Amino acid sequence: MTVEIKVFGPGCDRCRQLAKNANEAVAELGIDAQVTEVHDVAEIASAGIMQTPGLMVDGKVVLTGRVPSVGQVKEILGANS
Amino acid sequence: MSAPASAPPRTRSRHDLRLWVSLGAATLAWFALYRLNGPLWDWLIYDIAHLSGRLGDTVHFFFYDTVKILLLLAGIIFWVTILRSYVSIERTRALLGGRREGIGNVAAAGLGVITPFCSCSAVPVFIGFVSAGVPIGVTLSFLIAAPMVNEVALVLLYGMFGWQIALLYATTGLLIAIVAGYVLGHVRAERWIEPFVFETTVGEAAMGEGKMTFRDRVGLGREEVTRIVRKVLPYLLVGIGLGAIVHGWIPTEFFARVAGSGNPLAVPFAILLGIPLYSNAAGILPLVEALHAKGLAMGTLLAFMMAVVALSLPEMILLRWILKPQLIGIFIAVVAGGILIVGYVFNAIL
């Protein structure tokens, strides 16, 4: 099953960095996952995120307000799958 | 410390010991560098390079200030990030939820100082607060105080001008946030907020990491230092560069003549100049320090600094997503008005 990963952020540097790290983590783990970036502020707020960037895995917000390293994203993905 | 029977496994406590030893060593190194900064550049620039006069002073100002501010920044950001990791914006919102105006504005401004906040998340914070029932004026108090009165500004002001000025800045900054938020809460601002804000239903509060160890928090502190220093460095270097030029080349008392406390136009001019400028406290303070040394009045300078950090064009563009131009206009006018009063009051009493 494809893992749904969403990166929330209005397009700031840190959001781009998080998306990059998430993509790298997915590639390194070799899992079947789809990384999408969410820029819409209403959608960001609806997800309950007040500090960007935010990371959502399969509908669950796992991290807000900071940029995890590639290793940390791998850990999160490992714990959630 | 003696190890009680219930102590964690040995490797763990040894790990923690190592963490504390390196924290201690880093703190000592920090103080040593801070003390050596002045004498080092005196020696290198005046004795070794034989620079003197204006050029020597300019170069000295540049290097001395760069090192001093970087040290202050790294130290403050590190410890404040660790302290702040115990506070979350979700908790702040919960605290503000049932507040009424007035006391709510006071609480919001105070929490704005201690809650971790980046102006890039002003919009999601606004929606998150308003949809959770925090009054608009209270939310705006938070959004004004958070970028204006922050730890970086306060520690740098303390380092350059002493605790009185830092305290004055904090008190008046908070006052502006409280009063401006209160005023904006009474202009029926709802009609100038994009309707989708009220239609947005906010999901369950996203939880950040619940259980972090102290080691995690130290790691977070280190990450923040690297990130923020990298981010402010260009502003800082431009600010210090301008400061160094002012320091070396502008005659003393020049500004006292053209923009001293006797000139009533100096404060509004400083604010108008500050609004479109985008920088942060770290970038603006070296310039403020140099201008102050040349006789520019403190009230005018603080007004300039507040206008630069509290009212920035990029932030207004972000806020345009959720606020109609009328409200943005009123927002700028009210905050600028508060800053204007602060500038005049300080010029009168300092």
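Residues numbered from 1 in each chain as written. Chains lettered and ligands numbered in written order. Predicted model: local features only at pLDDT ≥ 70, side-chain atom pairs only at ≥ 80, totals over all residues.

A word on the overall build of chain B
For chain B, the helix and strand inventory stands at 16 helices and zero strands. Here the C-alpha radius of gyration of chain B, 22 Å, is about what a compact globule of 350 residues would show, namely 20 Å. Referenced to the eigenvectors of the C-alpha coordinate spread, the extents of chain B come out at roughly 70 × 65 × 30 Å. With 350 residues in all, chain B has 42% of them scored as buried. (Helix = DSSP H or I, 4+ residues; strand = E, 2+ residues; numbered from the N terminus. Rg over C-alpha atoms; globule rule 2.2 N^0.38 Å. Buried ≥ 20, exposed ≤ 12 C-beta atoms within 10 Å, placed from the backbone.)

A closer look at helix α4 (residues 103–114) of chain B
Residues and elements named next belong to chain B. Over its twelve residues, α4 runs 17 Å from end to end, which matches the ideal 16 Å to within 8%, given 1.5 Å per residue. Residues of α4 that are buried: Gly 104, Asn 105, Ala 108, Ala 109, Leu 111 and Gly 112. Along α4, the residues classed as buried sweep out an arc of 170° about the axis, all on the same side. Taken together, the buried residues of α4 touch α3 (89–96), α6 (136–148) and α8 (163–184). (Expected span 1.5 Å × (residues − 1). Arc of directions from axis to C-beta. Contact = placed C-beta atoms within 7 Å.)

A closer look at the domain arrangement of chain B
Residues and elements named next belong to chain B. In terms of domains, chain B is made up of domain 1 (25–84 + 215–235) and domain 2 (89–201 + 250–349). Taken together, the contact between domain 1 and domain 2 spans nine residues of the former and twelve residues of the latter. Contributions of two or more residues to the side of domain 1 that touches domain 2 are made by α2 (53–84) and α10 (214–249). Top element by residues in the side of domain 1 that touches domain 2 is α2. It accounts for seven residues. The class makeup of the residues in the side of domain 1 that touches domain 2 is seven nonpolar, no polar and two charged. (Domains from an automatic or database assignment. Nonpolar A, V, L, I, M, F, W, Y, C, P; charged D, E, K, R; others polar.)

A look at unusual backbone geometry
Each neighbour pair has its own omega, and for A:Thr52 with A:Pro53 the value is -5°, a cis peptide bond. Here A:Pro53 shows up in the loop between α2 (41–46) and β3 (54–57). In this structure, B:His50 takes a positive phi of about 55° despite not being glycine. Tracing the chain through its elements places B:His50 in the loop between α1 (10–48) and α2. Even without glycine at this site, B:Arg188 takes up a positive phi of about 50°. Residue classification places B:Arg188 among the exposed residues on the basis of 8 C-beta atoms within 10 Å.

Describing the sheet that holds β3(A)
Residues and elements named next belong to chain A. The four strands are arranged β2-β1-β3-β4 in an open sheet whose pairing can be described as mixed. Looking at which strands have only one partner, the edges of the open sheet turn out to be β2 (33–38) and β4 (60–64). Averaged over all pairs of adjacent strands, the angle between their axes in this sheet comes to 20°, without regard to strand direction. Where strand β1 (residues 3–8) lies against β2, six bridges are found, and the strand directions are parallel. Across the sheet, Phe 8 pairs through a bridge with Val 38, a residue of β2. Across the sheet, helix α1 (residues 13–29) touches β1, β2 and β3, and the angle it forms with β2 is around 175°. (Pairing = 2+ DSSP bridges. Axes fitted to C-alpha atoms, helices over the stretch in contact; angles between N-to-C directions.)

Comments concerning the interface of chain A and chain B
Taken together, the 18 residues of chain A in the interface contact 21 residues of chain B. Elements that contribute at least two residues to the side of chain A that touches chain B include exactly α2 and β4 of chain A. Here the side of chain A that touches chain B gets five residues from one element, more than from any other, and that element is α2(A). Here the residues of the side of chain A that touches chain B are counted per class, giving eleven nonpolar, seven polar and no charged.

Let's talk about the nonpolar core
Counting residues in hydrophobic clusters, the biggest one holds 120 residues, and the most contacted among them are A:Ala22, B:Ile144, B:Leu156, B:Ala303, B:Ala307 and B:Val335. It is helix α14 (residues 298–310) of chain B that provides the largest number of residues to this core, a total of eleven residues. Summarising the domain contributions, this core has at least three residues from each of domain 1 (25–84 + 215–235) and domain 2 (89–201 + 250–349) of chain B. (Core = buried A, V, L, I, M, F, W, Y, C linked by C-beta atoms within 7 Å.)

A short note on the packing of helix α13 (residues 281–293) of chain B against α14(B)
All names here are of chain B. At a minimum axis distance of 10 Å, the contact between α13 and α14 shows a crossing angle of 165°. What the angle tells us is that α13 and α14 run roughly antiparallel. Relative to α14, α13 is oriented so that their crossing is right-handed. Mapping the contact onto sequence places Ala 281, Ile 284, Val 288, Leu 291 and His 292 in α13 and Met 298, Leu 301, Met 305, Val 308 and Val 309 in α14. Class assignment of the residues belonging to the contact of α13 with α14 gives a composition of nine nonpolar, one polar and no charged. (Parallel < 35°, antiparallel > 145°, perpendicular 65-115°, else oblique. Left-handed = near helix turned anticlockwise from the far one by under 90°.)

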